[in-house]
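# Residue-level structural notes
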Amino acid sequence: MATRETAPGDQVHRGDPVVVDRYTTGARINHWITAASLVLLAISGLALFHPSLYWLTGLFGGGPNTRTIHPWIGVVLFFGFCGLFLRFWRLNLWERTDNVWLAKIRDVLSPNHEENLPEVGKYNAGQKIVFWSMSLLIIVLISSGVVIWDQYFGPYFTVEQKRIAVLVHATAAVIAICVWIVHVYAAIWVRGTISAMTRGRVTGGWAWRHHRRWLRELVTGEPRKTDTTGATPAR
Ligand code: HEM
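Residues numbered from 1 in each chain as written. Predicted model: local features only at pLDDT ≥ 70, side-chain atom pairs only at ≥ 80, totals over all residues. Heavy atoms only, no water.

### Concerning the site of the ligand
Every one of the 23 residues lining the ligand counts as a neighbour, but R22, Y23, H31, Q127 and H183 are closest to it. A distance of 2.8 Å separates a nitrogen atom of the ligand from a polar atom in the side chain of H183. Among the elements of the structure, helix 1 (25-49), helix 2 (63-88), helix 5 (125-147), helix 7 (159-189) and helix 8 (194-198) are those that each provide at least two residues to the shell around the ligand. Here the shell around the ligand gets 5 residues from one element, more than from any other, and that element is helix 1. Looking at side-chain class alone, the shell around the ligand contains 16 nonpolar, 6 polar and 1 charged residues. (Near = heavy atom within 4 Å. Polar contact = N/O pair within 3.5 Å; in protein donor to acceptor, adjacent residues only side chain to side chain. Helix = DSSP H or I, 4+ residues; strand = E, 2+ residues; numbered from the N terminus. Nonpolar A, V, L, I, M, F, W, Y, C, P; charged D, E, K, R; others polar.)

The following block contains the structure:
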């Protein structure tokens, strides 16, 4: 909800920054647990992946400990992401305006060209692509991970199946790390975004500039269920 940053009883002065709530505390805790587990998985996974990175196992108490801990962090990532998925999948459904936004990607990447873009809801097409790619990759990572989790599932799979799973697991992990880099880069590149996930709030200016339809819907209290109008140039 859009509010002015004041304590109860304070007078609202002209020039007080308008702040807009974007994430609840629960959503932020869920996000940061998921984020921390992906970082720990990447480090422990890389440590086990190549002998030149084996020294990283020192961070987890040595090789055998890393081998034991890595899959469990994977379980945390999986359930953490399930939480995010349940919270956000609806808002990441593809709409016709997302195609228009993508077709105008040059305007997205050029500074001060936002006015050529359609009005964006809570998430833009780039964020939606990251969301659905991560969803798919995490399913592939957990399923292939189970096949190579010898401690518990060793007897259930053949050597051939495990070989294929190792390849699939490593490939999905590399792609997931690339998608994660894109996600973090975009969060830093679009100034004012990080506070959405740290404090749960953004400025009104940020919302107007980058997610105008979402802001309008918040102000009018009428979320648009489906997007049938195609491109709506920002005014
Ligand atoms: C560790 C570094 C990370 C940083 C700095 C970061 C930062 C952020 C920020 C600032 C937002 C808010 C964007 C907005 O509201 O417009 C966000 C949203 C989100 N992040 Fe992250 N994130 C990180 C890692 C991750 C990881 C590892 C995942 C998943 C595996 C993830 C999944 C999400 C999801 C699902 C959203 C909601 C946006 C959507 O549904 O498209 N994040 N992140």
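Moving on, there is more to tell.
### What to know about the coordination of the iron atom of the ligand
Looking at the iron atom of the ligand, one finds its protein donor set to be H31 (NE2) and H183 (NE2), positioned 2.0 Å from the metal centre. Bound by 6 donor atoms, the iron atom of the ligand shows angles of 87 to 179° at the metal and therefore octahedral coordination geometry. One end of the pair, H31, is in helix 1; the other, H183, is in helix 7, with 152 residues separating them in the sequence. Given a relative accessible area of 38%, H183 falls into the partly exposed group. (Donors = N, O, S within 2.8 Å, 3.2 Å for Na, K, Ca; no water. Tetrahedral: all angles 85-135°; square planar, octahedral: opposite > 155°, others 65-115°. Buried < 20%, exposed > 50% of the residue type's maximum accessible area, 1.4 Å probe, protein only.)

### Describing helix 2
Taking 1.5 Å per residue as the helical rise, helix 2 with its 26 residues ought to reach 38 Å, and the 37 Å between its terminal C-alpha atoms agrees with that figure. Every buried residue of helix 2 is listed here: G63, T66, H70, P71, I73, G74, L77, G80, F81, L84 and F88. Buried-residue contacts for helix 2 involve helix 1, helix 5 and helix 7. (Expected span 1.5 Å × (residues − 1). Contact = heavy atoms within 4.5 Å.)

### Brief notes about the packing of aromatic side chains
Scanning the model with the defined rule gives 11 aromatic pairs in all. With a centroid separation of 5.2 Å and 75° between ring planes, the pair formed by F78 and F79 is classed as edge-to-face. Among the residues examined, F78 registers a relative accessible area of 23% and is labelled partly exposed. Assessed through its relative accessible area of 54%, F79 is described here as exposed. Ring plane angle 55° and centroid distance 6.0 Å describe the contact between W149 and F153, whose orientation is recorded as tilted. By relative accessible area, which is 8% here, W149 ends up buried. With a relative accessible area of 28%, F153 lands in the partly exposed category. An aromatic cluster is defined as three or more aromatic residues linked by ring pairs; in this entry it consists of W72, W149, Y152 and F153. (Phe/Tyr/Trp six-rings, centres within 6.5 Å; stacked < 30°, edge-to-face > 60°.)

### Concerning a nonpolar patch on the surface
Together, W94, L102, I105, L109, I129, Y185 and W189 line one region of the surface with nonpolar side chains, adding up to about 700 Å² of accessible area. Taken together, the elements giving at least two residues each to the nonpolar patch come down to helix 4 (105-109) and helix 7. Within the element layout of this structure, I129 appears in helix 5. (Patch = residues over 30% accessible without salt bridge, like charges linked within 9 Å, V, L, I, M, F, W, Y side chains within 5 Å. Areas by Shrake-Rupley, 256 points an atom, 1.4 Å probe, with all protein chains shown as cover. Salt bridge = Lys/Arg side-chain N within 4 Å of Asp/Glu carboxyl O.)

### A closer look at helix 1
Between its first and last C-alpha atoms helix 1 spans 35 Å; for 25 residues at 1.5 Å apiece the expected length is 36 Å, and the two agree. Turning to helix 1, its buried residues number three or more, namely A27, R28, N30, H31, T34, A35, S37, L38, L41, A42, S44 and A47. Buried residues along helix 1 sit in contact with helix 2, helix 5, helix 7 and helix 8.

### A look at the environment of D21
Within the secondary structure, D21 sits in strand 2 (residues 18-21). Residue D21 is classed as partly exposed on the basis of its relative accessible area, which comes to 39%. Separated by 197 residues in sequence, D21 and L218 place their C-alpha atoms 9.6 Å apart.

### Comments concerning the packing of helix 2 against helix 5
Between helix 2 and helix 5, the least distance of the axes is 10 Å, while the angle of their chain directions is 145°. Viewed along their axes, helix 2 and helix 5 form a crossing whose handedness is left-handed. Between helix 2 and helix 5, the contacting residues are G74, V75, L77, F78, F81, L84, F85 and F88 on the first element and F131, W132, M134, S135, I138 and I142 on the second. (Axes fitted to C-alpha atoms, helices over the stretch in contact; angles between N-to-C directions. Left-handed = near helix turned anticlockwise from the far one by under 90°.)

By themselves, these are just geometric observations and shouldn't be taken as functional.
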